[in-house]
Amino acid sequence: MAEAAAKILEESVGKTVLIRLKGGRSLRGKLQGFDQHMNLVLEDTEDISDTNSIQQLGTLIIRGDNVIIISPPPR
Amino acid sequence: MAEAAAKILEESVGKTVLIRLKGGRSLRGKLQGFDQHMNLVLEDTEDISDTNSIQQLGTLIIRGDNVIIISPPPR
Amino acid sequence: MAEAAAKILEESVGKTVLIRLKGGRSLRGKLQGFDQHMNLVLEDTEDISDTNSIQQLGTLIIRGDNVIIISPPPR
Amino acid sequence: MAEAAAKILEESVGKTVLIRLKGGRSLRGKLQGFDQHMNLVLEDTEDISDTNSIQQLGTLIIRGDNVIIISPPPR
Amino acid sequence: MAEAAAKILEESVGKTVLIRLKGGRSLRGKLQGFDQHMNLVLEDTEDISDTNSIQQLGTLIIRGDNVIIISPPPR
Amino acid sequence: MAEAAAKILEESVGKTVLIRLKGGRSLRGKLQGFDQHMNLVLEDTEDISDTNSIQQLGTLIIRGDNVIIISPPPR
Amino acid sequence: MAEAAAKILEESVGKTVLIRLKGGRSLRGKLQGFDQHMNLVLEDTEDISDTNSIQQLGTLIIRGDNVIIISPPPR
């Protein structure tokens, strides 16, 4: 992963990010770490796919090949 | 990513690009950065998939394997 | 697999993790080992996809490309 | 990309090519560049998927993994 | 394939394993060999996808990218 | 691509081959070249998917990951 | 492809093998060659997907990523 995406991800560590996954799931959590495959570690994760029924998922590892979009927190 | 695509992307940094993703989503945003996998960083991104309901998405990282087409700004 | 995910996985060895697989299956088992492709070895695994009918699967090797999410145990 | 395909693509630079993409889309445009992944840069691109409603798309980068077939211009 | 999965597979050679494949097929057979892609060689294989109609398949090579889960024999 | 397939392809250059693609399309054309990814260059190509309506496609580059089967000419 | 599968394939050269492909097609033919991607060359191939209508396909190259299972001849 080159500098542009990695720089944003590094700035987002410890902050809340929104992840959209292949298959339609959306997750929100505090970014704890990431790697060059966009494997992600989130803390205090919520599954917000269904906004009427948000699920608490705690700490998660997401395999990077499932990721479509990562939204860092507004600056 | 060889020179042809990278040259267009380099010229497009700081400008508005249109991205078509696998699954039918279309995004428009200011290109902040990219890498050899076509991972992209966009600012001031809008989801324009449904032109009747454009969503503001702010800054985004797009994992490159989801990209079909990138339209740079007209020159 | 870089440090963030590997560190969580290392801390989870010998503990119960929840795995969500592509295709909708969910498994719960004691993590015995893992590798850089997220190939996983689980012991005392249960298929909890249908919570009305939990299946005992014993020891399993999961090929990493099927993994969406790994939930380590709460700390 | 070995010599056979690359030679045809090199001869096609500056000329109009037809591209068939996975998912059914067909594009026609002037080939500006390409690389070993078959990432393509097209100018003056038209989406000709629906021949009753051709869309002007201008300059495009196509990520190579979406490409099924490239038709170079007749010689 | 790192040590955890390979160790289980090595211990399973000559023993009966259960394989679940993408697409829903389940096979049971004696593991004769494997490699780092999880390509597998099974002997005396049975297709147990439909438990009302078990098919004898003899010796098989399974291409690893089709594998979801390998269940080694109970210890 | 190892010797077995490459040898058949080398012997088929300049001759008519039949190509079956993922998605159901069948093409017939004179093989002009190929590479180790099974990217193919065909001349005088016909789309014979619908035998009631054969389409002339001329020279084509086929990206190898779309290929299921290549039938060389009878010897 | 490590030794286990390659050994079986080497022993099967010149003999009839059964190939099951992604998408449901089954082929039977004499194995002429193979490589480390499981690209296969078959002679005197028959499409036996529909056992009521077996089709003669002659010599074929199968791109390895389409292969699910290879059944060598009984020993």
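Everything numeric here is computed off the predicted structure, so don't read it as measured data. (Residues numbered from 1 in each chain as written. Chains lettered and ligands numbered in written order. Predicted model: local features only at pLDDT ≥ 70, side-chain atom pairs only at ≥ 80, totals over all residues. Heavy atoms only, no water.)

## Some details on the overall build of chain A
For chain A, the count of helices and strands is 1 helix and 5 strands. In sequence order, chain A lays out its α and β elements as α-β-β-β-β-β. In terms of overall size, chain A behaves like a compact globule, its C-alpha atoms giving a radius of gyration of 12 Å where 75 residues would be expected to give roughly 11 Å. Across its three principal axes, chain A shows a C-alpha extent of roughly 35 × 25 × 20 Å. For chain A, contacts bridging at least 24 residues in sequence account for 41% of all contacts bridging at least 6. Taken as a whole, chain A presents about 3,400 Å² of accessible surface, with 46% of it coming from carbon and sulfur. Each charge sign in chain A was given a centre, from 9 positive and 10 negative side chains, and these centres are 4 Å apart. (Helix = DSSP H or I, 4+ residues; strand = E, 2+ residues; numbered from the N terminus. Rg over C-alpha atoms; globule rule 2.2 N^0.38 Å. Contact = heavy atoms within 4.5 Å. Areas by Shrake-Rupley, 256 points an atom, 1.4 Å probe, with all protein chains shown as cover. Lys, Arg positive; Asp, Glu negative; His and termini not counted. Charge placed at Lys NZ, Arg CZ, Asp CG, Glu CD.)

## Details of the arrangement of the chains
Chain B makes no contact with chain C; the smallest distance between any of their C-alpha atoms is 15 Å. Between chain C and chain G there is no contact, and the shortest C-alpha to C-alpha distance separating them is 15 Å.

## Focus: the pattern of salt bridges
Tallied over the entire structure, the rule returns 35 salt bridges over all chains. Of the charged contacts, one joins D:Asp65 and D:Arg63 as a salt bridge, the two residues approaching to 3.2 Å between their closest N and O atoms. A cluster of three or more residues bridged by salt bridges with shared partners is formed by A:Lys22, B:Arg63 and B:Asp65. (Salt bridge = Lys/Arg side-chain N within 4 Å of Asp/Glu carboxyl O.)

## Description of the interface of chain B and chain D
Taken together, the contacts link 19 residues of chain B with 20 residues of chain D. Between chain B and chain D, roughly 1,600 Å² of surface is buried when both sides are summed, and carbon and sulfur atoms account for 58% of that area. At the boundary of chain B and chain D, one finds 1 salt bridge. Between B:Lys22 and D:Asp65 there is a salt bridge, and its shortest N-O distance comes to 2.6 Å. For the pair chain B and chain D, the interface holds 6 residue pairs in polar contact (both at pLDDT 80 or more). Of all the elements in the fold, those that place two or more residues in the side of chain B that touches chain D are α1 (3-12) and β5 (67-71) of chain B. Broken down by element, the residue count for the side of chain B that touches chain D peaks at 5 residues, all from β5(B). Here the side of chain B that touches chain D is composed, by residue class, of 12 nonpolar, 3 polar and 4 charged. (Buried area = accessible area lost by both parts, 1.4 Å probe. Polar contact = N/O pair within 3.5 Å; in protein donor to acceptor, adjacent residues only side chain to side chain. Nonpolar A, V, L, I, M, F, W, Y, C, P; charged D, E, K, R; others polar.)

## Some remarks on the interface of chain B and chain A
A common measure of how large an interface is: the accessible area buried when the components associate. Taken residue by residue, the interface counts 20 residues in chain B and 19 residues in chain A. Of the roughly 1,600 Å² buried at the junction of chain B and chain A (both faces included), carbon and sulfur atoms supply 57%. Of all residues in chain B, B:Thr59, B:Ile61 and B:Arg63 give up the largest surface area on contact with chain A, accounting jointly for 40% of the area buried on that side. Taken together, the connections running from chain B to chain A amount to 1 salt bridge. There are 6 residue pairs in polar contact (both at pLDDT 80 or more) connecting chain B and chain A. A total of 5 residues in the side of chain B that touches chain A trace back to one element, the largest contributor, which is strand β4 (residues 55-62) of chain B. Two strands pair when backbone bridges link them, and strand β5 (residues 67-71) of chain A and β4(B) are joined in this way by 2 bridges, in the antiparallel orientation. Across the sheet, residue A:Ile69 finds its bridge partner in β4(B), namely B:Ile62. (Pairing = 2+ DSSP bridges.)

## Re the relation of the copies chain B and chain D
Superposing chain B onto chain D requires a rotation of 51° together with a translation of 0.0 Å along the rotation axis, leaving an RMSD of 0.0 Å. Interface overlap between copies: only 11% of the residues of chain B at the interface are likewise at the interface in chain D, consistent with a contact formed by different surfaces. (Least-squares fit on C-alpha atoms with pLDDT ≥ 70 in both.)

## Considering the relation of the copies chain B and chain A
Between chain B and chain A, the superposition needs a rotation of 51° and an axial shift of 0.0 Å, giving an RMSD of 0.0 Å. When the interface residues of chain B are mapped onto chain A, a mere 10% of them are again interface residues, pointing to distinct binding faces.

## Notes on the confidence of the model for chain A
A residue-level look at chain A finds 96% of positions with pLDDT of 70 or above and a mean pLDDT of 93. Here the predicted complex carries an ipTM of 0.91, next to a pTM of 0.92. (pLDDT = per-residue confidence, 0-100.)

## A short note on the pairing of strand β4 (residues 55-62) of chain D
Within a regular beta strand, the side chains point alternately toward one face of the sheet and then the other, so they alternate between its two faces. Pairing of strand β3 (residues 40-47) of chain D with β4(D) involves 6 bridges; the strand directions are antiparallel. Each residue of the ladder has a partner; that of D:Leu40, found in β4(D), is D:Ile62.

## Here we look at unusual backbone geometry
Despite not being glycine, E:Met38 has its phi angle at roughly 70°, a positive value. By relative accessible area, which is 1% here, E:Met38 ends up buried. (Buried < 20%, exposed > 50% of the residue type's maximum accessible area, 1.4 Å probe, protein only.)

## Observations regarding the side chain of E:Ser12
Along the chain, E:Ser12 turns up in helix α1 (residues 3-12). Discounting residues that sit within four places of it in the chain, E:Ser12 has contacts with E:Val17, E:Leu31, E:Pro72 and E:Pro73.

## Comments concerning the environment of E:Glu11
Residues and elements named next belong to chain E. Examined against the element boundaries, Glu11 turns out to sit in helix α1. By relative accessible area, which is 33% here, Glu11 ends up partly exposed. Spatially, the C-alpha atoms of Glu11 and Ile70 are 13 Å apart, while their sequence positions differ by 59 residues.

## Some remarks on helix α1 (residues 3-12) of chain D
Every buried residue of α1(D) is listed here: D:Ala5, D:Ala6, D:Ile8, D:Leu9 and D:Ser12. Along the axis of α1(D), the buried residues cluster in a sector spanning 160°; they form a single face. α1(D) presents D:Glu3, D:Lys7 and D:Glu10 as exposed residues on the side facing more than 90 degrees away from its buried surface. On its buried face, α1(D) sits against β1 (16-21), β2 (26-34) and β5 (67-71) of chain D together with β2 (26-34), β3 (40-47) and β4 (55-62) of chain F. Following α1(D) by one or two positions, D:Gly14 has its phi on the positive side, about 90°. (Arc of directions from axis to C-beta.)

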